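# Results of the structural survey
Spelled out from the first residue to the last, the chains are:
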Amino acid sequence: MTIGRLVTVVIGLGAAGGIVPSLRAQGTPEQLLAQAITMLGATEPERAVELLRQLVGDLPATAASSVRRDAQLRLATASWSLGLLDSATVHFQDAARADAFFQPDPDAFNPEEVMAFRAARRAVVAVGVRPPGDTLLDARTGRWPVAVAVSQPGQVQLRLAGLDTAHLAARTVILVVDSTATVSVPVMGADSAPIAPGTYRLVVAYSAPGGTVSDSTVSVDVAPTTPDSLAHEAPPPDSLFRLEFRLEPRSGNALLRSIGVGVGAAAIPLLFGDRRLRTWDTQSRALFVGVAVSVTGLATYIFGRPRRLLPDNIDYNRALRSAWEERDRSIAATNAARRATPMLRIRVVQKP
Amino acid sequence: MRAAAWVAALSIGIATGARAQTPRNLLRLGVEAYDVAAYETALPLLTAGMNPAAGPRDSLWVAGLHRLAHILLQSGHDSLAAVWLRWALRQKPDVAVDTLNFPPTVGNAFALAQGVTSGGQRDTVTETLWEWPASPSGRLRPGAIRVERSGVPLSAFVEGVGMLTPGEPRALPYGTYRVLMSAPGHARVWIEREVLPGVTTVVRLRLWGPVAGGYLYVASAPWGRVYLDHQFVGYTPLAAYPMAAGTHQLRIERLGYTPFDTTVAVQRDQRLRVGTIPLKAGAGSP
């Protein structure tokens, strides 16, 4: 071995051993992807391809599938632009495997890229599932909706299996999927009894003319739960109610009557009282009573306007109140029924 | 009576010695069989005789083509007739259509095929050959396509099918296919080729050697069609596209966006990176 070759080997070993900063030290996968996108924007696809190849090679198994997919897509489009059609096809296939749901947006990907992706997707056997993150189901009749995407028309089997054991926890659903479908997975066993609480794997087996593939990366936590009760409705606001009476206008007769009664109350003792008993004191009292009666009458005139009831409005308000009471009773009945129904809460604890 | 005797003799002759016949003779026999209305007999003879490697594309070949198209159209195989006509018109674009001896359906089929084949630019980048079956093949037997590398890494992609492995034939149903061929350092090229029943279409890329110039890198947001000196060369992003040294007109256009026009000057061995051109929304040409 010549000295030159020896130096090359040493440098190579040094790089492999960590003298050169590892890719992980340069940033998170998302940051590296952003760097590569910047390079592509600067029309430096060779550098971007180099970085992206390292990125997809170093991506941990736990990396988000969207990052893996985007990195593979960027790598594929960069390779395609460089005329490396074989490499591009391989990366498009990897992107389809990373996310079987992905379909390129014709506005974002040029027609050649769209065409190449579709051809690559057809050539691989890939399956993807997207269960809802948190679902509440009737334990007796509920069905868990799971979105499924396949790269080729084929048969898909879905079942919930125990995390530790391979025993079947729930009924298996088998269906033929052309591209995407939403599958309703029953949450009950073969004996129609609800599945026991615990952690389960969603096992997906997909067989297509191009081969078979299985996936069990989704784990779910199944727990019995009390369903959320419906909130009682607030009573209708006052603004919705109509006036039930109307104030009538004041009448001059009422004013005269009240003053007259006061005058009468003062005048009667003065006019018809025993003069012998009359003193200044008794006169002033009579006058005081008369004034008091008049003032009372006046106050009644001012503050005590006559009211007229409005039967239509009263009926309307009564109907409004009854409707609310009816709804409230219905909510109460629904809540009672819900409390009596066994429910299961299915939460995804590990996504694909 | 005489025709029936001729057909019987012809059929016996074919059965015993078709393999020994040259394609040229098969073509002649096919024309004669057609002329006595022995269409079932004529069809395999004509398809075998159309092999361009067997002889010139002369009046006999054109006569055979007309008869082949007529038989296929009459038997309801319009799409197969269209494929044969497109293939033939790529070999001989100046075929004079015989409208006197053949019904209008044949003339219409020729016109449609001419409409498809006459639009494209003359292909100077690829060379195409056909490997004909040794014996007359069935009407609907699948054909194949094969690309051959010319000493450089070559990749080829068939639209709607996928990648082709250079040197390996890919069986395909008959039809017209768009093939993208690319070799690093050389311009990529889209070509249209027919796959005929039982025939292997062989495409060779004529590489025009290392370009005495530089390479263009351009991207746009959103993607657009790239024209160099008024010729469509691909979509953005375009990378390492070989260009002759000198000044070139670059145009990027997309429907709904204002076209971007500029002049680029590239020197020998230069990698000209134009960057990402933001296309402005507006009334763009298609």
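Residues numbered from 1 in each chain as written. Chains lettered and ligands numbered in written order. Predicted model: local features only at pLDDT ≥ 70, side-chain atom pairs only at ≥ 80, totals over all residues.

## A closer look at the overall build of chain A
- For chain A, the count of helices and strands is nine helices and eleven strands.
- Expressed as a percentage of its 352 residues, the buried residues of chain A come to 28%.
- Within chain A, residue pairs in contact and separated by at least 24 positions form 69% of the contacts whose partners lie at least 6 positions apart. (Helix = DSSP H or I, 4+ residues; strand = E, 2+ residues; numbered from the N terminus. Buried ≥ 20, exposed ≤ 12 C-beta atoms within 10 Å, placed from the backbone. Contact = placed C-beta atoms within 7 Å.)

## Focus on the interface of chain B and chain A
- Tallying the contact residues gives 26 residues for chain B and 22 residues for chain A.
- When contributions to the side of chain B that touches chain A are tallied by element, the ones reaching two or more residues are strand 3 (155–158), strand 4 (162–164), strand 6 (175–182), strand 9 (213–221), strand 12 (238–244) and strand 15 (271–278) of chain B.
- Ranked by residue count, the leading element in the side of chain B that touches chain A is strand 15 of chain B, at four residues.
- Here the residues of the side of chain B that touches chain A are counted per class, giving 17 nonpolar, six polar and three charged. (Nonpolar A, V, L, I, M, F, W, Y, C, P; charged D, E, K, R; others polar.)

## Here we look at the packing of helix 2 (residues 23–35) of chain B against helix 3 (residues 39–49) of chain B
All names here are of chain B.
- Orientation of helix 2 relative to helix 3, taken along the N-to-C sense of each, is 150 degrees, at an axis distance of 7 Å. The angle between helix 2 and helix 3 falls in the class roughly antiparallel. In the crossing of helix 2 with helix 3, the sense of the turn from one axis to the other is left-handed. Along its contact with helix 2, which presents Pro23, Arg24, Leu26, Leu27, Leu29, Gly30, Ala33 and Tyr34, the element helix 3 presents Tyr39, Thr41, Ala42, Leu45, Leu46, Ala48 and Gly49. (Axes fitted to C-alpha atoms, helices over the stretch in contact; angles between N-to-C directions. Parallel < 35°, antiparallel > 145°, perpendicular 65-115°, else oblique. Left-handed = near helix turned anticlockwise from the far one by under 90°.)

## Section: helix 3 (residues 45–58) of chain A
- In this model, helix 3 of chain A (14 residues) spans 19 Å end to end at C-alpha, consistent with the 20 Å of a helix rising 1.5 Å per residue.
- If you check which residues of helix 3 of chain A are buried, you get A:Pro45, A:Ala48, A:Val49, A:Leu51, A:Leu52, A:Leu55 and A:Val56. (Expected span 1.5 Å × (residues − 1).)

## A look at the environment of A:Ala286
Residue and element names in this part refer to chain A.
- In this fold, alanine 286 is placed in helix 8 (residues 280–303).
- Judged by local crowding, alanine 286 falls into the partly exposed class, with 19 C-beta atoms found within 10 Å.
- Separated by 19 residues in the primary sequence, alanine 286 and alanine 267 have C-alpha atoms spaced 7.5 Å apart.

## Section: the packing of helix 2 (residues 29–41) of chain A against helix 3 of chain A
All names here are of chain A.
- For the pair helix 2 and helix 3, interaxial distance at closest approach is 8 Å and the crossing angle is 165 degrees. One finds that helix 2 runs roughly antiparallel with respect to helix 3. Both helix 2 and helix 3 take part in a crossing whose hand is left-handed. The residues of helix 3 that touch helix 2, namely those facing Pro29, Leu32, Leu33, Gln35, Ala36, Met39 and Leu40, are Pro45, Arg47, Ala48, Leu51, Leu52 and Leu55.
- Residue classes in the contact of helix 2 with helix 3 are distributed as eleven nonpolar, one polar and one charged.

## Quick notes on the sheet that holds strand 11 (residues 231–235) of chain B
Residues and elements named next belong to chain B.
- The four strands lie next to each other as 11-10-13-14, forming an open sheet whose pairing is antiparallel. Only two strands of the sheet have a single neighbouring strand rather than two, namely strand 11 and strand 14 (260–266). Averaged over all pairs of adjacent strands, the angle between their axes in this sheet comes to 30 degrees, without regard to strand direction.
- As judged from the seven bridges shared by strand 13 (residues 246–253) and strand 14, these two strands associate in the antiparallel manner. Bridge pairing in strand 14 links threonine 247 to alanine 265. (Pairing = 2+ DSSP bridges.)

## Here we look at the domain arrangement of chain A
- In terms of domain boundaries, chain A breaks down into domain 1 (23–123), domain 2 (127–225 + 344–350) and domain 3 (238–331).
- Distance from the C-alpha centre of domain 2 of chain A to the C-alpha centre of domain 3 of chain A: 76 Å. (Domains from an automatic or database assignment.)

## Comments concerning the environment of B:Pro153
All names here are of chain B.
- In this fold, proline 153 is placed in the loop between strand 2 (143–148) and strand 3.
- By C-beta crowding, proline 153 is classed as partly exposed, having 13 other C-beta atoms within 10 Å.
- Along the chain, proline 153 and arginine 178 lie 25 residues apart, while their C-alpha atoms are 20 Å from each other.
- Ignoring sequence-local partners within four residues, the contact set of proline 153 consists of Ala183 and Pro184.

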